[in-house]
Every structure is written in C-alpha cells, then in structure tokens.
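Fold and geometry: a report
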Amino acid sequence: MRIGLLRTWCGGRYLPFWRVFLQELGLELVEADQGAEADLEVCGPIRRVLGEVQSLKRRVDYLLLPDLQLGVESLRGGGQCPWLASLETALRFQVPDLPPLLRVPGELGPQLMSQAVEIGQLLTQNPPLVRRAWERSRYLLHPPAPSASLGRGIGIVAQPYIREDPTLQGGVEEALRARGLHPLWPSLEPARLREEGLKSGVRLDLPTDLELAGASWYFARSGSVEGIVYLSANRCDPIPSLARKLARSLTKPWAFLVVGEDWSEPLGRLVQELSMR
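Residues numbered from 1 in each chain as written. Predicted model: local features only at pLDDT ≥ 70, side-chain atom pairs only at ≥ 80, totals over all residues. Heavy atoms only, no water.

So, about the layout of surface pockets. Within this model, the largest pocket holds a volume of roughly 600 Å³. As for the largest pocket, its lining consists of 24 residues, of which Pro144, Pro146, Glu164, Glu189 and Pro190 are closest to the centre. Sorting the residues of the lining of the largest pocket by element identifies α1 (11–24) and α9 (190–197) as the ones contributing at least two each. Residue contributions to the lining of the largest pocket peak at three residues, all from α1. Tallied by class, residues from the lining of the largest pocket come to 14 nonpolar, five polar and five charged. (1 Å grid on protein atoms, 1.4 Å probe; cavity = no way out; pocket = protein on both sides within 12 Å on 5 of 7 lines; lining within 4 Å. Points joined across faces, edges and corners; volume = space filled by probe spheres on them. Helix = DSSP H or I, 4+ residues; strand = E, 2+ residues; numbered from the N terminus. Nonpolar A, V, L, I, M, F, W, Y, C, P; charged D, E, K, R; others polar.)

Structure, rendered in structure tokens:
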C-alpha cells in the first residue's frame, strides 16, 4: 500500500513522526514531485499544494493531508479564503479523482496517539503491528523548539506555510541583507505564537492567523527588533488586510511585501524610516 506525502504546507512540522510511523507499519511512502506547481490563478503556496497533489494522485492509495487549522472553522481573517478555511474541502472541489485522504493535525503532540492508532489499524488491520510502530515512533511527537534568531534586526511576519518553506519566501532574507538589514524569524513554538496572537487586539480564530498575529505581537515587544516586515503570497486577498490591521498598533517602522512584486519602494522607505530613529 502506497501513502502520498506532500513536501509543502508545513511538512517539517508533522512529517517527522508520520513518516517513521507509516514506515514502521511496512507501508510504501511516495513523496510529491520536487517543485511541482499547478497552472492556476491562485496564490503561490496553493499552486504548490495543487501541483504536489496532482503529481501524487494516480500513484498512491492514500494521501496524508495536514490540517493546519487543527479543526477550527472561521470566516474571519484567512477564513475568507476557501483554501485556508478548509484545504480538504477546496481540494475535493478542485481536484477530480482525489485519492482517499488521511487528514492529520498539522503539528505534533502526545494527543496524536488515538489518531495514529486509528489510522494504523485502518491501513493494516494488524493491532500488534500498530502498537509496535507506535512504540518505535512516539519519541518524535516532541519536536525541538525553533532555533532562536540572534542579534538586532528586522522581524519577518508571515503565515506558517510561508515561514517554514524558504522556496515560498521570494528571497526576503537576501533582500533585507542587501540593504544592510539582519532578518529575524520568530523563535517561539506554534502554540506559543498562537497564545501571543490572542493578545494582539485583533479578533482571530484560525490557528494560522493567530500564529501570524503572534509573530507580529512578539516582534512589536522585542527590544532587539528594530522594524517589521509583513510577507504575503501573491493573490492571497485576506492577508494584506490582516497585516495592516496588526501594523496599526506598531510604534516601529514596518513594510508590507508581496512575493513576486518589486520590493524596492517599500524596503527603501523602511530603510529611510529606520535611519531617522
């Protein structure tokens, strides 16, 4: 039996456990084609997801699909985008002949035990094998904390699927360094970022939005952060509005960047504002 794995959409968060667990069950894992993208008028991250799903759908018996919203439903913020509100629903509508989906939380934790056992039993019908696979992979449910960004610099705020995939960031780190600015990413775990997001003053529900708001709030209070850059994918309508709401309360210089657009003007303005402080 073959299980398809996406490379994008925060794969680094949940795949370390599921890859080992499924292998311990004796299943064949099939990775999505590297760099696959669909030719559709949607944002870059969703083009990547669609391209990977298309590359897998005829080669696998099941597709492992992460739920970055952790079961939360909302029409606020990113919930206005159907792909962010429910990736599974949007895929079922957009992709014909989709293989059966194994939906799993987009992050790891000890609460996964019952779901892992359920999926293992569905795929193998072998309880002793499932128990052995669980015992051999459960240590991976506690990922290491993100590495801390050192020094003073510019905090980068983005949705988690962009923050954790350098190929979707449009070269923002290089663009900042080229202007003598040191890029910083939030060093808090996802759950901590969501807690910070609840303090931002903007009413949000979706975990991905709360992480974005949490990064903004975290950087706004950090003495080592001189300014903030909000980074968004192109054609991602709810995010620019959300970023500007978060920026209203800032006392630090900030810029809004869209991947694929010319950043000369907003970054030039940011450098000028920083030089006046």
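What follows picks up the thread again.
With that settled, consider the packing of aromatic side chains. The full count for this structure, using the stated rule, is seven aromatic pairs. With a centroid separation of 5.1 Å and an interplanar angle of 75°, the aromatic rings of Phe17 and Trp18 are classed as edge-to-face. Judged by relative accessible area, which is 0%, Phe17 ranks as buried. Under the relative-accessibility criterion, Trp18 is labelled buried at 0%. Ring geometry for Phe17 against Trp134: centres 5.9 Å apart, planes inclined by 75°, an arrangement best described as edge-to-face. With Phe17 in helix α1 and Trp134 in helix α6 (residues 127–137), this residue pair connects regions lying 117 residues apart in the sequence. Counting every residue linked through ring pairs, the aromatic cluster contains Phe17, Trp18, Phe21 and Trp134. (Phe/Tyr/Trp six-rings, centres within 6.5 Å; stacked < 30°, edge-to-face > 60°. Buried < 20%, exposed > 50% of the residue type's maximum accessible area, 1.4 Å probe, protein only.)

In total, this model carries 22 salt bridges according to the counting rule given. Among the ionic pairs, Glu226 bridges to Arg152, the shortest N-O distance being 3.4 Å. With Glu226 in strand β7 (residues 225–232) and Arg152 in the loop between α6 and β5 (153–157), this residue pair connects regions lying 74 residues apart in the sequence. What emerges from the salt-bridge pattern is a single network uniting Arg13, Glu107, Arg163, Glu164, Arg194 and Glu211. (Salt bridge = Lys/Arg side-chain N within 4 Å of Asp/Glu carboxyl O.)

Another aspect to go through is unusual backbone geometry. Unlike most non-glycine residues, Asp97 shows phi in positive territory, near 60°. Its place among the elements puts Asp97 in the loop between α4 (87–94) and β4 (101–105). Phi is positive for Gln125, which is not a glycine, with a value near 55°. Mapped onto the elements of the fold, Gln125 is located in the loop between α5 (113–124) and α6.

So, on to empty space enclosed by the protein. For the coordinates displayed, the defined rule picks out one cavity of 30 Å³ or more. Here the largest cavity is characterised by a volume of approximately 40 Å³. In terms of residues, the lining of the largest cavity owes the most to one element, helix α10 (residues 207–221), which gives four residues.

This paragraph deals with the sheet that holds strand β2 (residues 28–31). Strand order in this open sheet of four strands is β2-β1-β3-β4, and the pairing throughout is parallel. Only two strands of the sheet have a single neighbouring strand rather than two, namely β2 and β4. On average, adjacent strands in this sheet sit at an angle of 30° to one another, irrespective of strand direction. Direction of pairing for strand β3 (residues 62–67) relative to β4: parallel, over a ladder of five bridges. Residue pairing for β4: Leu64 is matched across the bridge by Leu102. Of the strands in this sheet, β3 and β4 touch α4, which is tilted by about 140° from β3. (Pairing = 2+ DSSP bridges. Axes fitted to C-alpha atoms, helices over the stretch in contact; angles between N-to-C directions. Contact = heavy atoms within 4.5 Å.)

Under the counting rule described, the total for this entry stands at zero disulfides. Between Cys81, a cysteine without a disulfide, and Cys236, which holds the nearest cysteine sulfur, the sulfur-to-sulfur distance is 5.5 Å. (Disulfide = S-S within 2.5 Å.)

Summary statistics for the protein give a mean pLDDT of 93 and a share of 99% for residues scoring 70 or more. Highest mean pLDDT in the protein belongs to strand β1 (residues 2–5) (98); lowest belongs to helix α11 (residues 238–247) (90). (pLDDT = per-residue confidence, 0-100.)

Turning our attention to the environment of Arg179. Locating Arg179 in the fold gives a position in the loop between α8 (172–177) and β6 (183–184). Sequence-wise, Arg179 and Leu250 are 71 residues apart; in three dimensions their C-alpha atoms are separated by 22 Å. The contact partners of Arg179, leaving out residues within four places of it in the chain, are Trp263, Ser264, Leu267 and Val271.

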